Amino acid sequence: MDSLELDIGLPLRSFRLELTLGVGRETFALVGPSGSGKTTVLRAVAGLARPERGRVVLDGTVLFDARAGIALAPEDRRVGFVFQDYALFPHMTVAQNVAYGSRDGAGELLERFRIAHLAEARPGELSGGERQRVGLARALARDPGVLLLDEPLSALDPHTRAALRLELKELLDELRLPVLLVTHDFHDAAVLADRVAALADGRIRQVGTPSELIAAPADAFVASFTGANVLAGRARPGEGGLTEVLLDEGVVVYSVDGAVGEVEVAVYPWDVSISRELPGDSALNHVRGEIASLVILGNRARVQVRGLVGEVTAASAERLGLAEGELVIASFKAAATRLVEQAPRAAGR
Amino acid sequence: MRRRLFDLGLAGATVLALTFLLLPLVAIFLRVPLGELVAQLGSRVAVDALIVTLETNAIAQALILVVGTPTAYFIASRRFRGRALAITLVELPLVLPPAVAGLALLAAFGRLGLLGSTFDVLGVTVSTGTKTAVILAVAYVASPFYIRGAIASFEALDQPLLDASRTLGAGPARTFFRVALPLAAKGLGAAAALSFARGIGEFGATIMFAGSLQGVTQTLSLAIYAQFDLDFDVALSLGALLVVVCAAILFTVKLLPAWTRSSSTSVYPFAPSGSS
């Protein structure tokens with residue numbers, strides 16, 4: 001039984017937002033590029049945006065029903081909203097911010113979120129992580145039935161982001177409250193959420209656990225959004241039950257997935273190995289070319305060969321003497337080569 | 001060489017402009033000894049004018065704040081047909097010649113005007129020669145300064161803060177008093193200061209509509225005009241007083257930086273965002 005049931009439709013600037021989803025006692029992430037309508041979904045749940053059609057139900061209470069003419073005001077909905085930049089009231093102290101929506105003061109929440117020592121501080125004096133905790137505490141002070149998080153990590157610099165992602169994950173797990181969050185970063189969603197819905201142009205493309213989306217992306221958009229290389233080509237049946245795909249790049253690759261005609265080939269960087277000579281392993285697919293770019297991040301190296309990004313350890317990159325302009329072979333298995341539909345073109349585009 | 005000449009030209013023009021703007025003000029203070037200026041302020045006519053000015057302006061500004069603030073918030077936070085027209089109408093008295101404003105007030109509120117008899121029935125005498133007339137004249141010419149600045153201040157508010165207040169259980173009224181008003185306070189203060197400065201110096205509309213009766217409708221500006229022929233020193237001392245008051249207001253405004261980012265009549269930052 002879902003706590004939050006959502007079935008709404010409304011026109012946005014260049015497309016229509018149409019979506020149906022249910023959120024139980026879990027953290028549910030809507031992921032999509034900016035401008036895909038994610039924030040509007042949260043605003044519709046909170047009563048800050050009014051859908052044209054549909055229903056929003058929270059714990060059996062109808063918050064919105066277009067046909068019945070029901071549209072509760074934001075202040076009458078038991079919804080906790082954490083805004084993108086937290087939207088803390090700059091003229092109030094931390095304690096006043098948290099107490100704003102509460103009937104019984106801020107004390108207990110300040111303790112719980114470890115911000116009691118900041119009670120008299122103004123939001124302008126806080127670090128990103130502290131602001132996040134104040135924003136969460138303030139939203140929870142109302143005892144909401146659902147917590148909405150709008151890009152909870154985007155206001156942070158990359159340095160604090162990784163640490164706060166884990167901290168937020170722990171906080172959300174402790175809450176045991178339905179959480180609907182939106183983010184443009186699949187990595188954030190994968191860490192924070194139990195289930196993920198990929199949203200593009202106002203429509204959900206796929207719903208599943210983060211690993212389900214990676215294991216079987218529904219289309220090229222989801223594949224690319226979850227971090228895969230996506231290459232276009234033409235598929236036809238090949239030998240041994242494999243599918244043969246002639247990539248637009250001119251290379252032939254094989255996949256265990258079946259498909260005929262125009263397809264997109266999705267390969268995740270961690271399934272691509274880089275070598276100097278043809279490898280002796282079972283990898284069937286090889287792309288030869290010069291290294292277009294080589295980026296070393298910590299102990300990983302991202303190597304780009306003809307539109308294909310492969311990830312190897314920095315150690316092996318050094319052992320192979322990889323450098324930009326060097327001729328190498330990028331190899332990947334037929335089983336790691338997923339064939340997906342081309343992303344449907346949005347209506348009205 | 002040529003560049004130096006150009007720089008000299010710029011500097012020369014600046015000195016000329018500043019001198020031209022400041023010289024008359026300095027002259028007021030140099031013409032009569034300072035002690036004499038202060039002494040003249042004790043004269044009957046000066047005291048009466050000061051009292052009339054403060055009394056009428058205090059009431060007029062209170063009315064402007066009480067009616068103008070909700071008006072500005074409404075215009076800034078709502079999208080409605082004729083919104084741009086409403087903003088333009090608010091600004092109309094700004095460009096109207098004061099004499100026309102006084103004439104218009106007479107036509108509307110004077111004893112023989114459009115609403116004059118209505119006001120008589122209500123027991124309020126508005127017609128020429130009353131303090132009420134002065135208050136109306138001041139409110140008419142000064143309120144656009146306040147409302148315009150207040151609209152800009154409310155428009156500059158961060159929409160997510162107002163949204164956050166709503167999602168935290170505060171209705172529109174509580175959101176206005178606890179979030180919008182305190183955050184716009186600086187801008188509202190600056191707008192009120194400008195409106196006050198305009199009201200203090202009001203002349204044209206007042207003399208047309210209210211007349212210039214000492215102790216009743218004769219404000220400082222009107223007293224200067226009246227004393228101009230009778231006692232130039234009194235006129236000068238009243239002028240000096242106004243210079244000081246207005247300069248003080250200007251410096252106050254300058255110290256309130258919120259005023260500087262402002263002034264659009266076409267954007268709708270309160271409007272629900274369309275996408276993302």
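Residues numbered from 1 in each chain as written. Chains lettered and ligands numbered in written order. Predicted model: local features only at pLDDT ≥ 70, side-chain atom pairs only at ≥ 80, totals over all residues.

Asks: What should I look at first to understand the overall build of chain A in this one?
Replies: The number of helices and strands found in chain A is nine helices and 21 strands. Its C-alpha atoms put chain A at 70 × 50 × 35 Å along the principal axes. Of all 349 residues assigned to chain A, the portion counted as buried reaches 44%. Within chain A, counting contacts between residues at least 6 apart in sequence, those at least 24 apart form 64% of the total. (Helix = DSSP H or I, 4+ residues; strand = E, 2+ residues; numbered from the N terminus. Buried ≥ 20, exposed ≤ 12 C-beta atoms within 10 Å, placed from the backbone. Contact = placed C-beta atoms within 7 Å.)

Asks: How should the interface of chain A and chain B be read in this particular structure?
Replies: Frequently, the measure chosen for interface size is the accessible area removed from exposure when the parts meet. Contact residues are listed per partner, giving 23 residues for chain A and 17 residues for chain B. When residues of the side of chain A that touches chain B are traced back to their parent elements, those giving at least two are α1 (38-46) and β7 (79-82) of chain A. Looking at which element gives the most residues to the side of chain A that touches chain B, the answer is α1(A), with four residues. Tallied by class, the residues present in the side of chain A that touches chain B amount to 11 nonpolar, seven polar and five charged. (Nonpolar A, V, L, I, M, F, W, Y, C, P; charged D, E, K, R; others polar.)

Asks: It is not clear to me how the sheet that holds strand β2 (residues 16-23) of chain A should be interpreted in this structure. Could you clarify?
Replies: Strand pairing in a sheet is mediated by backbone hydrogen bonds. Such pairs are either parallel or antiparallel. Residues and elements named next belong to chain A. Here five strands make up an open sheet; going across it, the order is β2-β1-β4-β5-β6 and the pairing antiparallel. Only two strands of the sheet have a single neighbouring strand rather than two, namely β2 and β6 (70-71). The pairing of strand β5 (residues 61-65) with β6 spans two bridges and is antiparallel. Residue pairing for β6: phenylalanine 64 is matched across the bridge by alanine 71. Contacting β1 (4-11), β2 and β4 (53-58), α1 runs over the sheet at an angle of about 115° to β1. (Pairing = 2+ DSSP bridges. Axes fitted to C-alpha atoms, helices over the stretch in contact; angles between N-to-C directions.)

Asks: Just to check I follow, could you spell out helix α3 (residues 44-77) of chain B for this structure?
Replies: Three- or four-residue spacings in an α-helix give side chains the same orientation, since the helix completes a turn every 3.6 residues. In this model, α3(B) (34 residues) spans 48 Å end to end at C-alpha, consistent with the 50 Å of a helix rising 1.5 Å per residue. If you look at α3(B), its biggest bend is around 30°, right at B:Gly68, and the proline B:Pro70 turns up within four residues after that. (Expected span 1.5 Å × (residues − 1). Bend = angle between axes of the 7 residues up to and from the residue.)

Asks: So what exactly am I meant to see when it comes to the nonpolar core here?
Replies: Counting residues in hydrophobic clusters, the biggest one holds 172 residues, and the most contacted among them are A:Val45, A:Val98, A:Ala137, A:Leu148, A:Leu180, A:Ala198 and B:Ala137. By residue number, the principal contributor to this core is helix α7 (residues 131-155) of chain B, which donates 17 residues. When we break this core down by domain, the ones giving at least three residues each are domain 1 (4-220) and domain 2 (221-340) of chain A. (Core = buried A, V, L, I, M, F, W, Y, C linked by C-beta atoms within 7 Å. Domains from an automatic or database assignment.)

Asks: Help me out: how do you make sense of the environment of A:Ser154 in this one?
Replies: Residues and elements named next belong to chain A. Looking at the element boundaries, serine 154 is found in the loop between β8 (146-150) and α5 (158-175). A residue is classified by how many C-beta atoms lie within 10 Å of it, and serine 154, with 15 of them, is partly exposed. For the pair serine 154 and threonine 183, spaced 29 residues apart in sequence, the C-alpha separation works out to 8.1 Å.

Asks: What is the right way to read the sheet that holds strand β17 (residues 285-297) of chain A from this model?
Replies: All names here are of chain A. An order of β16-β20-β17-β18-β19 is seen for the five strands of this open sheet, with the pairing classed as antiparallel. A strand with exactly one partner marks an edge of an open sheet, and here the two such strands are β16 (273-275) and β19 (308-313). The sheet shows a mean angle of 45° between the axes of neighbouring strands, taken without regard to direction. Relative to strand β18 (residues 300-305), β17 runs antiparallel, the two sharing six bridges. Looking across to β18, one finds that isoleucine 296 is bridged to alanine 301.

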